[in-house]
Amino acid sequence: MINFAVIDLGSNSVRMTITQIADDGTTKVTHQLKEMVRLSENMGEKKVLQEEPIKRTLEALEKFEKVYEKLPHLHIEALATAAVRAATNQAEFLQLVKEKVGIDFEVITGEREAYLDFLGVTRTLDVGEECLIMDTGGASTELILVKQNQVAHLISLPFGSVTISQAFNLDNKIKASELFLAMTDVEKALTGVDWLVEAHRTKLVVLGGSNRTLAKIARRKIDAENPPDVHGFILSSDAAFDIFAELVDLDKSEREKIPGLAKARADVIVGGLTPISLIMRTLHIPQILFSNHGLREGALFDFMDKKKK
């Protein structure tokens, strides 16, 4: 038996999933933890991780350590994504984490992140032979085009909920001019990806905190007491556009009151939903399929696949 722990250090949150892998290959998730650390906060053009976000991140990792430190047969995969990937003080940060918590983080490429997303999604959802997978994080957005159940194309783009929101002042009351500039900037990046035209009218499968918030808001409208599961939830693009429009009209304090929208995400949700809104619009996507599984589950499947070889 192995206690397989995956720590996913993103730009907005740090998450840990611990899965028991039995000798016969069966698995059981025993722990799922999440802390909002906003690591990419105020990195600025110089891409420097700041003291306060680093402090929050270390505190979260110390909480995680108390959970896994006594587990037998422990295997940890600690994966850092966009914020650490871009940071000019990356080496100093990783050394500090090593000293304080004893973890060696692997800084994975955007392409590796996208591939693990692909594994996590396609092994847990019936997405069909062809789809476009989209993962919007705090500082990056991964896109994976799936054809005949295989990765046809993938890319990681350097923008996400935190970076878009901070760059275009979308955190509180939103000015039309700033939203226009944000959407123009993101649309330029998306339309610069030549192979995206192959995803015209295809199935869109999404993950990431901002994208999943669409499902969380929509399902509360369906049944506030017993909302449907996010994993496998389907939402029409028109319904998603209506939710986005509703959020744009509100300031931060008003968005905090929306059922299904976490208060900690109220200042970055408009920036976070800008990429998916543009994908739906430019590719004429009819509906969205939501996944609750991605990088952490993908890391588990990748580990198990390698063990079989």
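Right above here is the structure, for reference.
Everything quoted here is computed from the prediction, not taken from an experiment. (Residues numbered from 1 in each chain as written. Predicted model: local features only at pLDDT ≥ 70, side-chain atom pairs only at ≥ 80, totals over all residues. Heavy atoms only, no water.)

> Now, about the packing of helix 8 (residues 237–248) against helix 10 (residues 269–282): what can you tell me, with residues and values included?
Between helix 8 and helix 10, whose axes approach to 10 Å, the crossing angle comes to 150°. Relative to helix 10, the crossing made by helix 8 is left-handed. Touching Ser237, Ala240, Phe241, Phe244, Leu247 and Val248 of helix 8 are Ile269, Val270, Leu273, Thr274, Ser277, Met280 and Arg281, all from helix 10. Split by residue class, the contact of helix 8 with helix 10 holds 9 nonpolar, 3 polar and 1 charged. (Axes fitted to C-alpha atoms, helices over the stretch in contact; angles between N-to-C directions. Helix = DSSP H or I, 4+ residues; strand = E, 2+ residues; numbered from the N terminus. Left-handed = near helix turned anticlockwise from the far one by under 90°. Contact = heavy atoms within 4.5 Å. Nonpolar A, V, L, I, M, F, W, Y, C, P; charged D, E, K, R; others polar.)

> Tell me about the pattern of salt bridges, and name the residues and values.
Under the definition given, this model contains 13 salt bridges. A salt bridge links Glu35 to Lys63, with the shortest nitrogen-to-oxygen separation between them at 3.6 Å. Placement of Glu35 in strand 3 (residues 27–36) and of Lys63 in helix 1 (residues 51–68) is noted, with a sequence separation of 28 residues between them. Accessibility expressed as a relative area gives 46% for Lys63, which makes it partly exposed. Taking the shortest distance from any N to any O, the salt bridge between Lys147 and Glu198 comes out at 2.8 Å. Taken as a pair, Lys147 in strand 7 (residues 141–147) and Glu198 in the loop between helix 6 (176–191) and strand 9 (204–207) lie far apart in primary sequence, 51 residues in all. Because the salt bridges share partners, they merge into one network encompassing Arg112, Asp302 and Lys306. (Salt bridge = Lys/Arg side-chain N within 4 Å of Asp/Glu carboxyl O. Buried < 20%, exposed > 50% of the residue type's maximum accessible area, 1.4 Å probe, protein only.)

> Any chance you could break down the sheet that holds strand 2 (residues 13–21) for me, citing the residues and the numbers?
With mixed pairing, 5 strands are arranged side by side in an open sheet as 3-2-1-4-5. This sheet does not close on itself; its edge strands, each paired only once, are strand 3 and strand 5 (106–107). Across 9 bridges, the pairing between strand 2 and strand 3 is antiparallel. Paired with Ile21 across the strands is Thr27, a residue of strand 3. (Pairing = 2+ DSSP bridges.)

> Outline the layout of surface pockets, supporting the account with residue identities and numerical values.
Counted as a void, the largest pocket has a volume near 440 Å³. Forming the walls of the largest pocket are 22 residues, and the residues nearest its centre are Lys47, Ala139, Pro158, Phe159 and Thr163. Elements with a contribution of two residues or more to the lining of the largest pocket: helix 2 (82–86), strand 8 (150–157), helix 5 (161–167) and helix 6. With 5 residues, helix 5 is the single largest residue contributor to the lining of the largest pocket. Residues that form the lining of the largest pocket fall into these classes: 13 nonpolar, 6 polar and 3 charged. (1 Å grid on protein atoms, 1.4 Å probe; cavity = no way out; pocket = protein on both sides within 12 Å on 5 of 7 lines; lining within 4 Å. Points joined across faces, edges and corners; volume = space filled by probe spheres on them.)

> So, a negative patch on the surface: which residues are in play, and what are the values?
A surface patch of like charges, here negative, comprises Glu51, Glu52, Glu59 and Glu62. Tracing the backbone through its elements, the reader meets Glu59 in helix 1. For Glu59, a relative accessible area of 40% puts it in the partly exposed group. (Patch = residues over 30% accessible without salt bridge, like charges linked within 9 Å, V, L, I, M, F, W, Y side chains within 5 Å. Areas by Shrake-Rupley, 256 points an atom, 1.4 Å probe, with all protein chains shown as cover. Lys, Arg positive; Asp, Glu negative; His and termini not counted. Charge placed at Lys NZ, Arg CZ, Asp CG, Glu CD.)

> I'd like a description of the nonpolar core, backed by residues and values.
Counting 47 residues, the largest nonpolar core has Leu204 and Ile279 as the members making the most contacts within it. Of all the elements, helix 10 adds the most residues to this core, at 7 residues. The contacts of Ile279, once residues within four sequence positions are left out, are Leu132, Met134, Leu143, Leu190, Leu196, Leu204, His284 and Ile285. Grouped together as the second largest cluster of nonpolar side chains are 27 residues, Leu61, Tyr68, Ala83 and Phe105 included. (Core = buried A, V, L, I, M, F, W, Y, C linked by side-chain atoms within 4.5 Å.)

> Run through unusual backbone geometry, naming residues and quoting values.
A positive phi is found at Arg38, a non-glycine position, where the angle reads about 50°. With respect to the element layout, Arg38 can be found in the loop between strand 3 and helix 1. You will see that Lys47, though not glycine, has its phi angle at about 55°, which is positive. Looking at the secondary structure, you find Lys47 in the loop between strand 3 and helix 1.

> Describe the packing of aromatic side chains, with residues and values.
If you walk through the whole model with that rule in mind, you get 3 aromatic pairs. Aromatic side chains Tyr115 and Phe118 sit 5.9 Å apart centroid to centroid with 35° between the ring planes, which places their arrangement in the tilted category. In this pair, Tyr115 and Phe118 both sit in helix 4 (residues 110–122), 3 residues apart, roughly one turn of the helix. On the accessibility criterion, Phe118 (7% relative accessible area) is buried. Seen from their ring centres, Phe233 and Phe290 are 6.0 Å apart, and the 45° between their planes marks the pair as tilted. (Phe/Tyr/Trp six-rings, centres within 6.5 Å; stacked < 30°, edge-to-face > 60°.)

> Tell me about the sheet that holds strand 9, residues and numbers included.
By way of backbone hydrogen bonds, the strands of a sheet pair with one another, either parallel or antiparallel. Taken in spatial order, the 6 strands of this open sheet run 8-7-6-9-11-10, and their pairing is mixed. Sheet topology places strand 8 and strand 10 (234–236) at the edges, where each strand pairs with a single neighbour. Here the strands of the sheet are splayed against their neighbours by 25° on average, with no regard to which way each runs. One ladder, built from 3 bridges, connects strand 10 with strand 11 (residues 287–290); its direction is antiparallel. The residue bridging Leu235 from the neighbouring strand is Ile288, located in strand 11.

Without other data, these values stay purely geometric and don't point to any function.
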